[in-house]
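# Fold and geometry: a report
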Amino acid sequence: MDNKAKNAQSPKALAWKRFRSNKLGMLSCFYVIVWALLAIFAYLVIPDKTPNANRQLLEISTKKPGFEVDMLMIPKENPPAKTPFFTFLLQGRPDDCTYLPFDSLLINMESTTVYLYQSEISSNVRTEIIENKELIGVGPSTGSGALGFTSDGEADAYIRSHCVKHRKFLLGTDQFGRDFLSRLILGSRISLTVGFIAVLLSLVIGIIVGSLGGFFRGKVDDAVVWFINVVWSIPTLLLVIAITFALGKGIAQVFIAVGLTMWVEVARIVRGQILSIRETTFVEAGRALGFRDLRIIFKHILPNILNPIIVVSAANFASAILLEAGLSFLGIGVQPPMPSWGSMIKENYAFIILDAAYLAILPGIAIMLLVLAFMLIGNALREALDVKN
């Protein structure tokens, strides 16, 4: 039999074939990958590229999806330094100008009168007069008029083409006038990052604790089982809240708190699997060859029990996303202005009974679909890695 035929019949190839045949699992995997790419390259695709997508324009707060407005861009006196690409990719970049939403402009060679945006028709029209030199610096280098303009028409055409930007908010704006789509996409970073780091931390702790109990048995196993049962008996959310209060508020504390509460199930599975195979032939052969216990555990036993660990990790990823959202909703997780789906629901849940319910519903749907995707991936992995199939 050639190598190609052997590879086709290998357990990994068979598991991958079974996983690909699961349409829901593959669709969920694609969905998670899309969100992961959006989270990594968020600042390249979102309209609001400021740090945390926190450009606040109170004049256009709580506008419906599809809202459009013209904005006048006024350069700042002290613009921020140029942001390196990788810093921009991680943190965004501050605006180098101030944005003024407006209904109309009246432009002459010297100044621009801005009729500020008003959502309702009112006799009290708000205006602001801005010197053209504040908008364009020295202006065009040619011409004999003020700032180089030769007529009001030339000034009007120049300012409208260089200093006016038309914006469309696909998902509208929140109560602070921030682009809701930008914050929704950027909020996926928190959920996926917390899930990844919490699962990684839970795997490290769970594998170590479960391996010690399952391999050495005796008093070590008794102590491990007692500790697992104590932690298991405490409600997860209450334990996370307690750890968060002890460590303080912040994103790093959320990583640690969620990770420290999710290792128990991993430890139980690892302990049970090791107990079932510690007396097998290849383990006895390792002992006969004089291998150290740690080498036997990590190089010989753990590779043979990875399947259930992978499955439970997918489920823990979903649980971590829910825990983070719950902590942020309670105000002890990610702190403003950093966007998080849980904190976005907290900020906007009052709008559910008003005419902007989507501000709270959309982050909730995003959480639900991402958790569902990880659960379906876990089910697909369970079926694909089942040796009985």
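Computed from a predicted model, the values in this text were never measured in an experiment. (Residues numbered from 1 in each chain as written. Predicted model: local features only at pLDDT ≥ 70, side-chain atom pairs only at ≥ 80, totals over all residues. Heavy atoms only, no water.)

### Brief notes about the side chain of Gln 118
Our working definition: Numbering of helices and strands runs from the N terminus, with a helix taken as a DSSP run of H or I at least four residues long and a strand as a DSSP run of E at least two residues long. Relative accessibility decides the category of a residue: with a 1.4 Å probe and only protein chains considered, values under 20% of the type maximum give buried, values over 50% give exposed, and everything between is partly exposed. Working rule for contacts: check all heavy atoms of both residues, and any pair within 4.5 Å makes them a contact.
Relative to the elements of secondary structure, Gln 118 occurs in the loop between β3 (111–116) and β4 (127–131). A residue is classified by how much of its surface remains accessible, and Gln 118, at 19% relative accessible area, is buried. Aside from chain neighbours lying at most four places away, what touches Gln 118 is Asp 103, Asn 124, Val 125 and Arg 126.

### Some words on the packing of helix α10 (residues 236–247) against helix α11 (residues 251–259)
Convention followed: Helix axes are fitted to C-alpha atoms over the stretch in contact, other axes to C-alpha atoms as well, and angles between N-to-C directions run from 0 to 180 degrees. By definition, turning the near helix anticlockwise from the far helix through less than a right angle yields a left-handed crossing, and turning it clockwise yields a right-handed one.
Two elements in contact, α10 and α11, have axes whose closest approach is 9 Å; the angle formed by their N-to-C orientations is 140°. Between α10 and α11 lies a crossing whose hand is right-handed. Facing Val 240, Ile 243, Thr 244 and Leu 247 of α10, the residues of α11 in contact are Gln 253, Ile 256, Ala 257 and Val 258.

### Focus: the pairing of β3
A regular strand places its side chains so that they alternate between the two faces of the sheet. Using the following cut-off: Should DSSP find at least two bridges between two strands, the strands are taken to pair.
Among the 6 residues of β3, 5 are classified as buried, and the element is accordingly described as predominantly covered. Bridging between strand β2 (residues 97–107) and β3 involves 5 bridges; their strand directions are antiparallel. The partner of Leu 106 across the bridge, within β3, is Thr 113. Where β2 folds back onto β3 in an antiparallel hairpin, the turn is made up of 3 residues. Here β3 pairs with β4 via 5 bridges, running antiparallel. Directly across from Thr 113, in β4, lies its bridge partner Ile 129.

### What to know about the side chain of Thr 50
For the record, the criterion: Throughout this description, a polar contact denotes any pair of N or O atoms lying within 3.5 Å of each other; where both atoms belong to protein, one of them has to be capable of donating a hydrogen while the other can accept it, and for residues adjacent in sequence the pair is counted only when both atoms sit in side chains.
With respect to the helices and strands, the residue Thr 50 is situated in the loop between α4 (42–45) and β1 (67–75). In this structure the side chain of Thr 50 is engaged in a polar contact, spanning 2.7 Å, whose partner is the side chain of Asp 48. One polar contact links the side chain of Thr 50 to the main-chain amide nitrogen of Arg 55, over a distance of 3.5 Å. Those residues in contact with Thr 50 that lie beyond four places of it in its chain are Tyr 43, Arg 55, Arg 93 and Asp 95.

### Notes on the pattern of salt bridges
The following threshold applies: Salt bridges are counted wherever a side-chain nitrogen of Lys or Arg sits within 4 Å of a carboxyl oxygen of Asp or Glu.
All told, the structure shown has 9 salt bridges when counted by the stated rule. For Asp 95, the salt bridge is made with Arg 55, and the minimal N-O distance between the two is 2.8 Å. Remark: Arg 55 occurs in the loop between α4 and β1 and Asp 95 occurs in the loop between α5 (85–91) and β2; sequence separation between them is 40 residues. On the basis of relative accessibility, which here comes to 14%, the residue Asp 95 falls in the buried class. Asp 156 serves as the salt-bridge partner of Arg 160, at 2.9 Å between the closest nitrogen and oxygen. Taken together, the residues Arg 160 and Asp 156, both in helix α7 (residues 152–162) and 4 residues apart, mark about one turn of the helix.

### So, the nonpolar core
The criterion, for reference: Remark: nonpolar core denotes a set of buried residues (Ala, Val, Leu, Ile, Met, Phe, Trp, Tyr, Cys) joined through side-chain atoms within 4.5 Å.
If you look at the biggest cluster of nonpolar residues, it comprises 48 residues, and the most contacted ones within it are Val 270, Trp 341, Leu 370 and Phe 374. For this core, the secondary structure elements donating two or more residues are α2 (11–21), α3 (23–40), α8 (180–216), α12 (263–277), α14 (293–301), α15 (306–330), α16 (341–348) and α17 (358–384). If you tally residues by element for this core, the top one is α17, at 12 residues. Membership of the second largest hydrophobic core comes to 24 residues, among which are Ala 198, Val 254, Trp 263 and Val 264.

### Some thoughts on the packing of α2 against α17
Heads up, the condition is: Just so you know how the angles are binned, under 35 degrees is roughly parallel, over 145 roughly antiparallel, 65 to 115 roughly perpendicular, and the rest oblique. Think of it as three bins: nonpolar holds Ala, Val, Leu, Ile, Met, Phe, Trp, Tyr, Cys and Pro, charged holds Asp, Glu, Lys and Arg, and polar takes everything else, Gly as well.
Remark: α2 packs on α17, axes separated minimally by 8 Å, with the N-to-C direction vectors making an angle of 135°. If you check the angle between α2 and α17, you find them oblique. Judged by the sense of rotation from one axis to the other, the crossing of α2 with α17 is right-handed. In this structure, α2 contributes Ala 15, Arg 18 and Phe 19 to the contact, and α17 contributes Ile 377, Ala 380, Leu 381, Glu 383 and Ala 384. Residues that form the contact of α2 with α17 fall into these classes: 6 nonpolar, no polar and 2 charged.

### Considerations on the sheet that holds β1
Across the sheet, which stays open at both edges, the 5 strands sit in the order β4-β3-β2-β1-β5 with antiparallel pairing between neighbours. Looking along the sheet, the strands with just one partner apiece sit at the ends: β4 and β5 (164–169). Within the sheet, the average angular offset between the axes of one strand and its neighbour, ignoring direction, is 55°. Summarising the sheet, β1 and β5 pair through 6 bridges and their orientation is antiparallel. Pairing of Phe 67 across the sheet is with Phe 169, part of β5.

### Some words on empty space enclosed by the protein
To be explicit about the condition: Here a cavity denotes a set of grid points, spaced 1 Å apart and computed over the protein atoms alone, in which a 1.4 Å probe fits but from which it cannot get out, and a pocket denotes an open set meeting protein on both sides within 12 Å along at least five of seven lines; residues with an atom within 4 Å of a point are reported as lining. Grid points are joined across faces, edges and corners, and a volume is the space filled by probe spheres set on the points.
Taken as a whole, this structure holds 1 cavity of 30 Å³ or more when the rule is applied. Within this model, the largest cavity holds a volume of roughly 40 Å³. Lining the largest cavity we find Asp 48, Arg 55, Leu 57, Met 71, Arg 167, Phe 169, Gly 177, Arg 178 and Asp 179. Here the residues of the lining of the largest cavity are counted per class, giving 3 nonpolar, 1 polar and 5 charged.

### Thoughts on the packing of aromatic side chains
Basically, it comes down to this: Stacked, tilted and edge-to-face are the three classes assigned to paired rings of Phe, Tyr and Trp, where Trp is represented by its six-membered ring and a pair needs centres within 6.5 Å; plane angles under 30 degrees give stacked, over 60 edge-to-face, the rest tilted. Our definition puts a charge over a ring when NZ of Lys or CZ of Arg is within 6 Å of the ring centre and also within 35 degrees of the ring normal.
Taken as a whole and judged by the stated rule, the model has 11 aromatic pairs. Look at Trp 16 and Phe 19: their rings are 6.0 Å apart centre to centre, the planes differ by 20°, and that puts the pair in the stacked class. Of this pair, Trp 16 and Phe 19 both sit in helix α2, 3 residues apart, which is roughly one turn of the helix. Residue class for Phe 19 comes out buried when judged on its relative accessible area of 8%. With a centroid separation of 4.2 Å and 10° between ring planes, the pair formed by Phe 317 and Phe 374 is classed as stacked. Residue Phe 317 is located in helix α15, and its partner Phe 374 is located in helix α17; the two are separated by 57 residues in the primary sequence. Taken together, the ring pairs in this structure connect Phe 67, Tyr 117 and Phe 169 into an aromatic cluster. Over the ring of Phe 291 we find Arg 295; its NZ or CZ atom is 4.0 Å from the centre of that ring.

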